[in-house]
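These are the residues of each chain, in order.
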Amino acid sequence: MMAEFLDLAFISGLIGATMRMATPIIFAALGEILSERAGVLNLGIEGIMLMGAMTGFLFTYSTGSIWFGVFAAACMGMLLGLLMALLSVNLGLSQHVSGLGITLFATGLAMFIYRLHFGSPTVPPIIQPFKQVALPVLSKIPVIGPGLFTQYTLTYIAWLLVPALSILLYKTTIGLKIRTVGENPVVADTVGVNVTLTRTLCLVAGGALMGIGGAFLTLAHQNMFLIDVIGGRGWVAIAMVIFGNWNPFKATIGALIFGFLDGLQLRLQSVGLVLSFHLFLMIPYLLTIIALIGVSRRAAVPAGLLKPYRREEKGG
Amino acid sequence: MIRFRIIKRKPLPGWAKIVIPIAAILATLILSAIPILLAGGHLWKSYFYLFHGALGTRYNLLETFVKASPLLLTGLAVAFAFRAKFWNIGAEGQLLAGALTATVLGVNLGGIPPILVLPIVIIAGFLAGGFWASIPALLKTKLKVDDVVSTLLLNYVMIHIMGALLFGPLQQPGSSWPRSSAIVKAACYPILMPRSRFHMGIIISFVAMLIIWFINKKTTFGYQAKAVGFNIRAAHFGGINTTSVILWTALISGGLAGLAGVGELCALQYRLIMDISPGYGYSGIVIAMLGNLHPVGVLFSSLFFSVIIVGAQTMSRMTGVPTYIAEVIQGMALMVMLIFLLFTEFKIKVLRK
């Protein structure tokens, strides 16, 4: 039994699965970091991911082009991000409630559109999903190579986005503006940064990332759209943002831990070890909660988070 | 150049509190025309079947009350928590905790006097929901863990606990499906009207509504919870034990959701299945907001929602519009209500420069 665990193929497969299962969380967490750094908690994330998953699948199914599906999912995410901005930034409604509203609305809409287009077939329609791409040389590294570097293109993109977002946030003027808007909108406004516009753009861009994160699940991880395809991954991403102290790299570590457990669960199932699979699925959520306990004492919450900004109420 | 500004307005007169939700519901119904037309449904026929399906016959009308019962309970659960700014997004998990506990007791309590079974099941279901909600409340008050995230995550933990039990010790012997054995006869809610499913749980939910209304309006605790929701620091310095207020709020809130689970199990399903709740806990959030967190408001918005959900079945059968239209309408109703509520506090001023 133990030999089976330590089997090279098993380890390599586990590494691969970890990367794969972490990908949608990374996309979504990066999108959420962008939104929250600008001061808006986007609880629409779960719904936006589901709409992204559905839109991506629908467009790939209809056009046959998988990249067009990814593009459509990103656009759908941007639209919903814009809606979130309209409600929570322009109108200044409670971020909690507007976000949950978007999740409920988008969840209903995703299932509605899917049924409208496909009806209720006995066998769910499928698409030709993404293929894994082995990077030359790197994928030949023993043990870790095949797992790490034989991945979906979207996974590689997620990896590139982590440092990219870090640089954007910490090394550029735009990033400074975003963080100022999130920390202290009054100051940002005083020095001439357009708070409303900055928050709107961050929500729109963040929405695109969440949409792609969702699309990964229907275009790469699976080849069909199921109603519970997101299964709370949006909420996990939000938890990872808190766990990672609003830092792209640390949030990615959280996403990898989640991916590892998710992947391990899948691998154990595939070698026939059905360790009550539901108990196993519970672990990531429990660990996330425990992690939240650990970090919440030193959490560096953006100070302007959850506070709608209206010029008239300056200082209030 | 014309610019718009959102500015505070004077408080609206009392009648606005009734007119605004009604206006929001009307606006939602008008907006629903968009998805109906997109689905190729005939507009007037669709509206007709939506309401006829929910209210048109005796059976359907009673069925609307059957659907309203869990929605009223989860709506109350969320409204009661939100009023104290305890962001309980976990009514779904608390509902399942109630249903799960009722199953364990309902299957095994055959040996005790039948008259005692139902009270035990109901109280235990309430406590189970309350217990599940008190975890995030403790995490919030003692360890400063964000309640939105923890309540949400605990929903999934509960789903998997239920899954593990339904594939394990609770599974009906000989069944390969994830379902429990049936509960004993004494644990079933009595049906109150012949030829229908109008059951005792509906009465329980209405009584719960009255009790919550009483707590909010007439008790010190109701006042304290409101104060904590309004400004927790001020409440603390005003001498209110905010930790205990939040804990009790969570216990009652989760308990109400737990009762919804007991009702679904003991009045409709009689055995636990994985999809015992089609998301009643999440609908409760919308219902609470639509009802402006007021128990009577929650009653009317849960009735409105059950009309939509029950009516959508008939509408779907007669016009081919997918039943998920009910979820779309729910989501739209929330957003419309939010925007309408905003204009009770603020108005848009047009500035010309």
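Right, let's walk through the structure included here. (Residues numbered from 1 in each chain as written. Chains lettered and ligands numbered in written order. Predicted model: local features only at pLDDT ≥ 70, side-chain atom pairs only at ≥ 80, totals over all residues. Heavy atoms only, no water.)

## Regarding the pattern of salt bridges
Side chains that differ in sign of charge can pair as their charged atoms come close.
Then, in step 1: With the rule as written, the count across this model stands at three salt bridges over all chains.
Then, in step 2: Salt-bridge contacts for A:R233 lead to A:D262; the nearest nitrogen and oxygen are separated by 3.3 Å. With A:R233 in helix α11 (residues 233-243) and A:D262 in helix α12 (residues 248-270), this residue pair connects regions lying 29 residues apart in the sequence.
Then, in step 3: Classification of A:R233 as buried rests on a relative accessible area of 11%.
Then, in step 4: Judged by relative accessible area, A:D262 falls into the buried class, the value being 8%.
Then, in step 5: A salt bridge links B:R197 to B:E63; the shortest N-O distance between them is 2.4 Å. Here the residue B:R197 occupies a position in the loop between α7 (147-166) and α8 (200-218), and B:E63 occupies one in helix α4 (residues 58-83), the gap between them amounting to 134 residues. (Salt bridge = Lys/Arg side-chain N within 4 Å of Asp/Glu carboxyl O. Helix = DSSP H or I, 4+ residues; strand = E, 2+ residues; numbered from the N terminus. Buried < 20%, exposed > 50% of the residue type's maximum accessible area, 1.4 Å probe, protein only.)

## A word on the nonpolar core
Then, in step 1: Core analysis: the largest hydrophobic core is formed by 204 residues, its most contacted members being A:W235 and B:L153.
Then, in step 2: The residues contacting A:W235, other than those within four sequence positions of it, are A:L43, A:I45, A:E46, A:L100, A:T103, B:L152, B:L153 and B:Y156. (Core = buried A, V, L, I, M, F, W, Y, C linked by side-chain atoms within 4.5 Å. Contact = heavy atoms within 4.5 Å.)

## Some thoughts on empty space enclosed by the protein
Residues and elements named next belong to chain B.
Then, in step 1: Per the counting criterion, the structure on display carries two cavities of 30 Å³ or more.
Then, in step 2: Contributing to the lining of the largest cavity are S69, P70, L73, Y189, H199, G201, I204, L259, A260, G263 and E264.
Then, in step 3: At the level of secondary structure, the elements contributing two or more residues to the lining of the largest cavity comprise α4, α8 and α11 (242-269).
Then, in step 4: Residue contributions to the lining of the largest cavity peak at four residues, all from α11.
Then, in step 5: Classifying every residue of the lining of the largest cavity by side-chain character gives six nonpolar, four polar and one charged. (1 Å grid on protein atoms, 1.4 Å probe; cavity = no way out; pocket = protein on both sides within 12 Å on 5 of 7 lines; lining within 4 Å. Points joined across faces, edges and corners; volume = space filled by probe spheres on them. Nonpolar A, V, L, I, M, F, W, Y, C, P; charged D, E, K, R; others polar.)

## A look at the environment of A:K250
Then, in step 1: The residue A:K250 is located in helix α12 in this model.
Then, in step 2: Here A:K250 is in contact with A:F243 and A:G244, once residues within four sequence places are set aside.

## Observations concerning unusual backbone geometry
Residue and element names in this part refer to chain B.
Then, in step 1: With a phi close to 60°, K144 is a non-glycine residue in the positive phi region.
Then, in step 2: Residue position: K144 is located in the loop between α6 (114-143) and α7.
Then, in step 3: With relative accessibility at 64%, the residue K144 sits in the exposed group.
Then, in step 4: Positive phi values are uncommon outside glycine, yet Y270 reaches one of about 65°.
Then, in step 5: Position of Y270 among the secondary structure elements: in the loop between α11 and α12 (280-290).

## Some words on a positive patch on the surface
All names here are of chain B.
Then, in step 1: Together, K17, K217, K218 and K226 give the surface a local cluster of positive charge.
Then, in step 2: Checked against the element boundaries, K217 lands in helix α8.
Then, in step 3: Note on K217: relative accessible area 55%, which makes it exposed. (Patch = residues over 30% accessible without salt bridge, like charges linked within 9 Å, V, L, I, M, F, W, Y side chains within 5 Å. Areas by Shrake-Rupley, 256 points an atom, 1.4 Å probe, with all protein chains shown as cover. Lys, Arg positive; Asp, Glu negative; His and termini not counted. Charge placed at Lys NZ, Arg CZ, Asp CG, Glu CD.)

## Looking at helix α3 (residues 43-55) of chain B
Residues and elements named next belong to chain B.
Then, in step 1: Here α3 is 13 residues long and its end C-alpha atoms lie 18 Å apart, about the 18 Å a rise of 1.5 Å per residue gives.
Then, in step 2: Looking at α3, one finds that the buried residues are S46, Y47, Y49, L50, G53 and A54. End-on, the buried residues of α3 take up no more than an arc of 165°, which puts them together on one face.
Then, in step 3: Those residues of α3 hidden inside the fold are in contact with α1 (16-31), α2 (33-38), α4 and α13 (295-319). (Expected span 1.5 Å × (residues − 1). Arc of directions from axis to C-beta.)

## Considerations on helix α8 (residues 173-183) of chain A
Residue and element names in this part refer to chain A.
Then, in step 1: Among the residues of α8, those classed as buried are G175, I178, V181 and G182. Taken end-on, α8 shows its buried residues confined to a sector of 125°, consistent with a single buried face.
Then, in step 2: Of the surrounding secondary structure, the elements contacted by the buried residues of α8 are α2 (8-37), α7 (153-171), α9 (185-190) and α10 (195-221).

## Observations concerning the environment of A:V191
All names here are of chain A.
Then, in step 1: Along the chain, the position of V191 falls in the loop between α9 and α10.
Then, in step 2: Classification of V191 as exposed rests on a relative accessible area of 60%.
Then, in step 3: V191 sits 14 residues away from K177 along the chain, and the two C-alpha atoms are 9.8 Å apart.

## Topic: the interface of chain B and chain A
Many descriptions give the size of an interface as the accessible area lost when the pieces come together.
Then, in step 1: Contacts between chain B and chain A engage 44 residues on the former and 47 residues on the latter.
Then, in step 2: With both sides pooled, the region where chain B packs onto chain A buries about 4000 Å², and carbon together with sulfur makes up 82% of that total.
Then, in step 3: It is B:L153, B:H160 and B:Y324 that lose the most area in chain B upon contact with chain A, and together they represent 16% of the buried surface on that side.
Then, in step 4: Joining chain B to chain A, the criterion identifies zero salt bridges.
Then, in step 5: Run the count over chain B and chain A and you get one residue pair in polar contact (both at pLDDT 80 or more).
Then, in step 6: At the level of elements, β1 (2-8), α2, α6, α7, α12 and α14 (325-345) of chain B are the ones that each hand at least two residues to the side of chain B that touches chain A.
Then, in step 7: In terms of residues, the side of chain B that touches chain A owes the most to one element, α7(B), which gives 12 residues.
Then, in step 8: Looking at side-chain class alone, the side of chain B that touches chain A contains 37 nonpolar, four polar and three charged residues. (Buried area = accessible area lost by both parts, 1.4 Å probe. Polar contact = N/O pair within 3.5 Å; in protein donor to acceptor, adjacent residues only side chain to side chain.)

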